[in-house]
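Next come the chains, spelled out residue by residue.
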Amino acid sequence: MREPRPVAIQSALQDPGRTALEKYQDLVVGSRSLGRLVLYETVLLLTSWIPGALGLVLRKLAYPTLLGSCGRNVTFGQNVVLRHPHKVHLGDDVVVDDLVVLDAKGSTNDGIRVGEGVFLGRGTILSCKDGDIALGDHVNIGFHSEIFSGSRVRVGRHGLFAAYTYLVGGGHEFESAAVPVIEQKRSSRGTTLGETVWLRAGAKVMVGVSIGDHVVVCAGAVVTDDLPSGAVAVGVPARVVRTREAAAAP
């Protein structure tokens, strides 16, 4: 069996046409500008790890200089990871907890756009692979959750995600057993969640799914098909067991 081709990041790292510095700039900073590189390194070196109130104050002043845009009263925890930060846009009153990853990596995408009053819990990952992620106002994401986008993932206002939830916005085709999955076409139909959707602990929403408003996805459920507004869904794969009364009323 032939050796599989490396994934995009591996290909970039192995590219003999780029220096080590250029690879770092392309994959991490997202710009070949020397000024952007110096700013990125300075901000992370001097502020990302500092604990306590001093660290919060320094990051509140310094991190917005790296971002595409940043609203008022945004809080950054310790060791927040930024990739292609010029494509990250945060609204007012956003909280980015410790160890959050904001990865807007891509050559053709717009990146990550977060609305006002959003909370990103400790260890949350927002990861783009030439895709976009848009979170509406007052979305609250619990610890160690992940949103991945290979095209577009959109979450409506007042979404509530418990810990360890996962939104999948991309994948691989796998029809041919003779070809490694990693070499097959990368497909992404995007994922959309309406307003006031509650994903309980460990719930997963797979690529291509559209979820209506006021939906509750119970703990551990895996959503593989669209869910109508007001649905309460359980199981693997998730099935609708009832409709919330308030949402069903005319």
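None of the values given here were measured: they were computed from a predicted structure.

A. Representation of the pattern of salt bridges within the structure. Using the criterion set out here, one finds nine salt bridges in the structure. For Arg18, the salt bridge is made with Asp15, and the minimal N-O distance between the two is 3.1 Å. When its relative accessible area of 25% is taken as the criterion, Asp15 is described as partly exposed. With a shortest N-O distance of 2.9 Å, Asp103 and Lys105 are connected by a salt bridge. Take Lys105: its relative accessible area is 16%, and that puts it in the buried class.

B. Representation of the side chain of Asp97 in the model. Its location among the elements puts Asp97 in the loop between β5 (95-96) and β6 (101-103). No salt bridge is formed by the buried Asp97. Its closest oppositely charged neighbour is Arg122, at 4.7 Å. At a separation of 3.4 Å, a polar atom in the side chain of Asp97 contacts the main-chain amide nitrogen of Arg122. Leaving out residues up to four positions away in the same chain, Asp97 has contacts with Gly77, Val80, Phe119, Leu120, Gly121, Arg122 and Phe143.

Each value, and the rule that gives it
Residues numbered from 1 in each chain as written. Predicted model: local features only at pLDDT ≥ 70, side-chain atom pairs only at ≥ 80, totals over all residues. Heavy atoms only, no water. Salt bridge = Lys/Arg side-chain N within 4 Å of Asp/Glu carboxyl O. Buried < 20%, exposed > 50% of the residue type's maximum accessible area, 1.4 Å probe, protein only. Helix = DSSP H or I, 4+ residues; strand = E, 2+ residues; numbered from the N terminus. Lys, Arg positive; Asp, Glu negative; His and termini not counted. Polar contact = N/O pair within 3.5 Å; in protein donor to acceptor, adjacent residues only side chain to side chain. Contact = heavy atoms within 4.5 Å.

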